[in-house]
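Residues per chain, in single letters:
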Amino acid sequence: MITRGPRNLITDIDGLSVGNAQDLALKSGVTALICDKPYTASVQVLGGAPGSRETDLLAPQNTVGGVDALVLSGGSAFGLDAASGVANSLRSQGRGFEVGPVRVPIVPAAILFDLINGGDKNWGDQSPYMALGAQAAQNAAQDFSLGSVGAGAGALSANIKGGLGSASSVIEAHGVTIGALVAANPLGSTIIGDTHHFWAAPFELDDEFGGCGYPSPMPKDAKDMRIKFRDRGPAQSGTNTTIGIIATDAKLSKAECQRLAIAAHDGFTRSIWPSHTPLDGDLIFGVSTGTVDLKGSLDAMIDICAVAASTMARAVARGIYEATPQDGDIMPVWSSLR
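Let us look at the structure shown here.

Procedures and definitions
- Position numbers for residues start from 1 in each chain and track the written sequence from start to end.
- Since the coordinates come from a predicted model, pLDDT governs what is reported: local features require at least 70, and pairs of side-chain atoms require 80 or more to be given and counted, while whole-chain, interface and lining totals use all residues.
- Computation of side-chain values: all heavy atoms of the structure, hydrogens and water removed.
- Helix and strand definitions follow DSSP, with helices as H or I runs of at least four residues and strands as E runs of at least two, each counted in order from the N terminus.
- Relative accessible area decides the class of each residue, using a 1.4 Å probe on protein chains only: under 20% of the type maximum gives buried, over 50% gives exposed, and in between gives partly exposed.
- Asp and Glu count as negative and Lys and Arg as positive, but His and the ends of the chain are not part of the count.
- Charge positions are represented by NZ for Lys, CZ for Arg, CG for Asp and CD for Glu.
- Definitions used for this entry: grid spacing 1 Å over protein atoms alone; cavity, a set of points where a 1.4 Å probe fits but cannot get out; pocket, an open set with protein on both sides within 12 Å along at least 5 of 7 lines; lining residue, one with an atom within 4 Å of a point.
- Grid points are joined across faces, edges and corners, and a volume is the space filled by probe spheres set on the points.
- Paired rings are identified among Phe, Tyr and Trp, the last through its six-membered ring, by centres lying within 6.5 Å, and are further divided according to the angle between planes into stacked (under 30 degrees), edge-to-face (over 60) and tilted (the rest).
- Here the rule is simple: two strands pair whenever DSSP picks up at least two bridges between them.
- The term polar contact refers here to a pair of N or O atoms within 3.5 Å; inside protein, the definition further demands a hydrogen-donor-capable atom paired with an acceptor-capable atom, and it admits residues adjacent in sequence only when both atoms are side-chain atoms.
- Should any heavy atoms of two residues lie within 4.5 Å, those residues are counted as being in contact.
- For this document, the term salt bridge refers to a Lys or Arg side-chain nitrogen within 4 Å of an Asp or Glu carboxyl oxygen.

**With respect to the overall build of the chain**
From N to C terminus, the chain includes 4 helices and 12 strands. Seen through its C-alpha atoms, the chain measures out along the principal axes to roughly 60 × 55 × 30 Å. A total of 338 residues make up the chain; the buried ones form 60% of that total. Across the chain, the mean location of the 24 positive side-chain charges is 1 Å away from that of the 33 negative side-chain charges.

**Some remarks on empty space enclosed by the protein**
For the coordinates displayed, the defined rule picks out 1 cavity of 30 Å³ or more. Lys27, Asn117, Ala153, Gly154, Ala155, Leu156, Lys161, Gln326, Asp329, Ile330 and Met331 together form the lining of the largest cavity.

**A short note on the packing of aromatic side chains**
For the structure shown, the criterion picks out 5 aromatic pairs. Here Phe198 and Phe209 contribute two aromatic rings whose centre-to-centre distance is 5.3 Å and whose plane-to-plane angle is 80°, an arrangement assigned as edge-to-face. Of this pair, Phe198 sits in the loop between β10 (176–184) and β11 (243–250) while Phe209 sits in the loop between β10 and β11, and the two are 11 residues apart along the sequence. On the basis of relative accessibility, which here comes to 2%, the residue Phe198 falls in the buried class. Looking at Phe209, the relative accessible area reads 1%, which means it is buried. Taken together, a centroid distance of 5.5 Å and an interplanar angle of 20° make the contact between Phe198 and Trp334 stacked. With a gap of 136 residues between them, Phe198 in the loop between β10 and β11 and Trp334 in the segment after α4 (298–321) connect regions that are remote in the sequence.

**Some words on the pairing of strand β5 (residues 66–73)**
Most of β5 is tucked away: 8 of the 8 residues are buried. Alignment of β5 against strand β8 (residues 109–111), held across 3 bridges, turns out to be parallel. Residue pairing in the sheet places Leu72 in a bridge with Ala110 of β8.

**A short note on the side chain of Ser288**
Assignment of secondary structure puts Ser288 in strand β12 (residues 283–292). Look at Ser288 and you get buried, because its relative accessible area is 3%. One polar contact links the side chain of Ser288 to the main-chain carbonyl oxygen of Ala250, over a distance of 2.5 Å. Look past the residues within four positions of Ser288 in its chain and what remains in contact with it is Tyr39, Thr40, Thr248, Ala250, Lys251, Leu252 and Cys257.

**Focus: the pattern of salt bridges**
Pairing of side chains with opposite charge becomes possible as their charged atoms draw close. Counted by the stated rule, this structure contains 9 salt bridges. Linking Arg7 and Asp143 is a salt bridge whose minimum nitrogen-to-oxygen distance equals 3.4 Å. Highlighted residues: Arg7 in the loop between β1 (2–3) and β2 (16–23) and Asp143 in the loop between α2 (129–138) and β9 (163–171), separated in sequence by 136 residues. Given a relative accessible area of 30%, Arg7 falls into the partly exposed group.

**Here we look at the pairing of strand β3 (residues 28–45)**
Taking burial as the measure, the 18 residues of β3 include 13 buried ones, the bulk of the element. Pairing of β2 with β3, which is carried by 8 bridges, proceeds in the antiparallel orientation. Of the residues in β3, the one forming a bridge with Ala21 is Val30. What sits between β2 and β3 in their antiparallel hairpin is a turn of 4 residues, with Lys27 showing a positive phi close to 55°. Across 7 bridges, β3 lies against β5 in antiparallel orientation. If you follow Ala32 over to β5, its bridge partner there is Val71. Bridging between β3 and β12 involves 6 bridges; their strand directions are antiparallel. The residue of β12 that forms the bridge with Gln44 is Ile284.

Spelled out as structure tokens, the structure:
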């Protein structure tokens, strides 16, 4: 049996906290996942236009085994500064990989493109993202907001606003919890054709994103790959991207964390049409806190990977569902479609 965690957030996994920071005039922000101690992590990139920091160290063959934090940020390449803000905050707490007398916090990051979403990006000589990253780290807690906050503050999708989403699942048979955190800013659509129904509907638990189900019959434009794409000039590489984190308390190796991230990308596929395009930088980090020993059970790993996909699909839909209107928006919010 699969149930939601008590918060229905990635922080239903003990040892994880999440902080958001955003600038509403900028229409951008940062989300930081903070680990109580270094946890095993890896990454999988399936989009054609990624932007990231310190992802090579997450390859299973490389040395560093754990991360202190993970960062999701708006701002395109400028948003990579957010990881430095998080790292500085953790360093002040004495956190980090020990090299002699020095500690270096391990803070991989991924960014999405939100530079032409109607916000004021005239920030002068210094981008605001390092400061936003530090603020996000300081705001880290087990309860946090969704929608137009953090890395989802300026997110857009094909036809409505994007947002920051999260969800959790408990696989009771294995005593394992899985959590997803995502900043949904896809080139594709999260809703079916010209309706308010989510592609992720089959995986919804307890009406967490409206309880609308699938439309019946399916609209004729359901599979239209170019429905209502926002009019913002010719498509350019890197102008979208959905980035996320999938985490579990199951004890996984670095290679298994990568397999978890690969499986979670199916959640993008089930909630966004089309996904993983050449113009998206779709990326998912996989994290294990390692408190539940699977004792080598392949059946348990198969179940975890399946639920990772459904949990991520739910998180994407929740991010869109929770988005709120702001002055200067160039896209409507989901609630306006009802």
